[in-house]
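Notes for the structure review
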Amino acid sequence: VICDTNAHGDYFAKEFQKDRDQIQTLYLKADTSIYYPREVAKPETLKDRFIVLYFGSVLPLQGIEVIQEAMDLLKNEKDLYFYFIGPLKDGMEKVESPYVEYIPWLSQEELAEYIAMSDLCLAGHFHPSINKAKRTIPGKAYIYQAMGKPMILGDNPATRELYAPGDGIYFVEMGNAKALADIILAIAQNK
């Protein structure tokens, strides 16, 4: 049996009463033919702004509500600019701000260009009560790492298997939008 994190392997062994030694962890990787470090100039209108990017398919475990609330808390920060890339679900409201831009979806090649021009990327997972969010490493973390981008991860056992604070890696309490907003602002102010 193959799993994506040790935390998931431990869960499967316990849930299905299997020998943990029979479960191997195989971590995901980014497609480095698309996602690699590169310089991309910011649009002229954003050249003096700190760009924060989130992309995803808006699955519940990603904690979209936490991201949206953090963006709402920061919506008047003129030095910040947010790209939210992904389809909002029915009933989800956009944060109204001239400093937040929603893009429904991009090709992987276009996405890589947006990531490259960003100063900070939100990896997650941020949902506080979905247990799977605590057992998996977001696929986007591997992409951000491959591109050499600073990122914020939800603090859980799975993410700590491969990542430690420092060198552009930041952790935040899962489910805490205020803490996410505070760390985004602190990183932007210390750039």
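Our subject is the structure listed above.
What comes next is a walk through the structure.

As for helix H1 (residues 6-15)
Residue pairs spaced three or four apart in an α-helix point in one direction, given the helix's 3.6 residues per turn. When we look at burial in H1, the residues that qualify are Ala7, His8, Gly9 and Ala13. As for H1, its buried residues are in contact with strand E1 (2-3), helix H4 (131-135) and helix H6 (159-162). Positioned one or two residues after H1, Gln17 has a phi angle of 50°, which is positive.

A closer look at unusual backbone geometry
The peptide bond linking Gly124 to His125 adopts the cis configuration, its omega dihedral lying at -15°. Even without being a glycine, Gln17 presents a positive backbone phi close to 50°. Checked against the element boundaries, Gln17 lands in the loop between H1 and strand E2 (24-25). A positive phi angle is found at Val58, which is not glycine, with a value near 65°. Mapping Val58 onto the fold places it in the loop between strand E3 (50-55) and helix H2 (64-73).

A short note on the packing of aromatic side chains
Taken as a whole and judged by the stated rule, the model has seven aromatic pairs. Seen from their ring centres, Phe84 and Tyr102 are 5.2 Å apart, and the 45° between their planes marks the pair as tilted. One end of the pair, Phe84, is in strand E4 (residues 80-85); the other, Tyr102, is in strand E5 (residues 100-103), with 18 residues separating them in the sequence. We note that Phe84, like Tyr102, is buried. The ring of Tyr11 carries the charged tip of Arg135 above its face, separated from the ring centre by 3.6 Å. In this structure, Arg160 packs its charged tip against the face of Phe171, placed 4.0 Å from the ring centre.

Side note on the pattern of salt bridges
Enumeration over the complete set of coordinates arrives at eight salt bridges. A salt bridge links Asp182 to Lys178; the shortest N-O distance between them is 3.0 Å. Of this pair, Asp182 and Lys178 both sit in helix H7 (residues 177-189), four residues apart, which is roughly one turn of that helix. Judged by its relative accessible area of 38%, Asp182 is partly exposed. Overall, Lys178 belongs to the partly exposed group, its relative accessible area being 49%. Each of the salt bridges in this network shares a partner with another, and the network as a whole consists of Lys42, Asp119 and Lys191.

Quick notes on the pairing of strand E7 (residues 151-154)
The alternating pattern of E7 places Met151 and Leu153 on one face and Ile152 and Gly154 on the opposite face, and all of these are buried. Strand direction decides the pairing type here: strand E6 (residues 120-124) and E7, joined by three bridges, are parallel. Bridged to Leu122 within E7 is Ile152. Bridge count between E7 and strand E8 (residues 169-172): four bridges; the pairing is parallel. Along E8, the bridge assignment pairs Leu153 with Phe171.

Things to note about the nonpolar core
One finds Tyr35, Tyr83, Ile115 and Tyr163 to be the most contacted residues of the largest nonpolar core, which totals 33 residues. Secondary-structure elements contributing two or more residues to this core are E3, E4, helix H3 (108-117), E6, helix H5 (139-146), E7 and E8. Sorting elements by how many residues they give to this core places H3 first, with five residues. Once residues lying within four places of it in the same chain are set aside, the contact partners of Tyr35 are Ala30, Gln108, Leu111, Ala112, Ile115, Ile143, Ala146 and Met147. Ranked by size, the runner-up nonpolar core spans 29 residues in total, among them Phe50, Leu74, Ala181 and Ala188.

A short note on the sheet that holds E7
Pairing is parallel across the open sheet formed by six strands, whose spatial order is E5-E4-E3-E6-E7-E8. This sheet does not close on itself; its edge strands, each paired only once, are E5 and E8. On average, adjacent strands in this sheet sit at an angle of 20° to one another, irrespective of strand direction. The strands touched by H2 within the sheet are E3, E4, E5 and E6, with E4 carrying the most contacts at an inclination of about 155°. Packed onto the sheet, H7 meets E3, E4, E6, E7 and E8 and runs at close to 155° relative to E8.

Cut-offs used in this document
Note that residues are indexed from 1 along each chain, following the sequence as it is written. Since the coordinates come from a predicted model, pLDDT governs what is reported: local features require at least 70, and pairs of side-chain atoms require 80 or more to be given and counted, while whole-chain, interface and lining totals use all residues. Hydrogens and water are ignored here; the side-chain numbers use all heavy atoms of the structure. Each residue is assigned to one of three classes by its accessible area relative to the maximum for its type, calculated with a 1.4 Å probe on protein chains only: buried under 20%, partly exposed between the two thresholds, exposed over 50%. Under the DSSP-based scheme used, a helix requires at least four consecutive residues in state H or I and a strand at least two consecutive residues in state E, with every element numbered from the N terminus. Pairs of residues are marked as contacts when any of their non-hydrogen atoms sit within 4.5 Å. The aromatic pairing rule takes the rings of Phe, Tyr and Trp, using the six-membered ring of Trp, and pairs them if the centres are within 6.5 Å, calling planes under 30 degrees apart stacked, those over 60 edge-to-face and the rest tilted. In our convention, an over-ring charge means Lys NZ or Arg CZ found within 6 Å of a ring centre and within 35 degrees of that ring's normal. Each salt bridge in this description consists of a side-chain nitrogen of Lys or Arg and a carboxyl oxygen of Asp or Glu lying within 4 Å of one another. Only strands joined by at least two bridges in the DSSP assignment are considered to pair. The set of buried Ala, Val, Leu, Ile, Met, Phe, Trp, Tyr and Cys residues whose side-chain atoms join them within 4.5 Å is what this entry labels a nonpolar core. Here an angle of 0 to 180 degrees is reported between the N-to-C directions of two axes, which are lines fitted to C-alpha atoms, with helices fitted over the stretch in contact.

As far as function goes, none of this settles anything; it's purely spatial.
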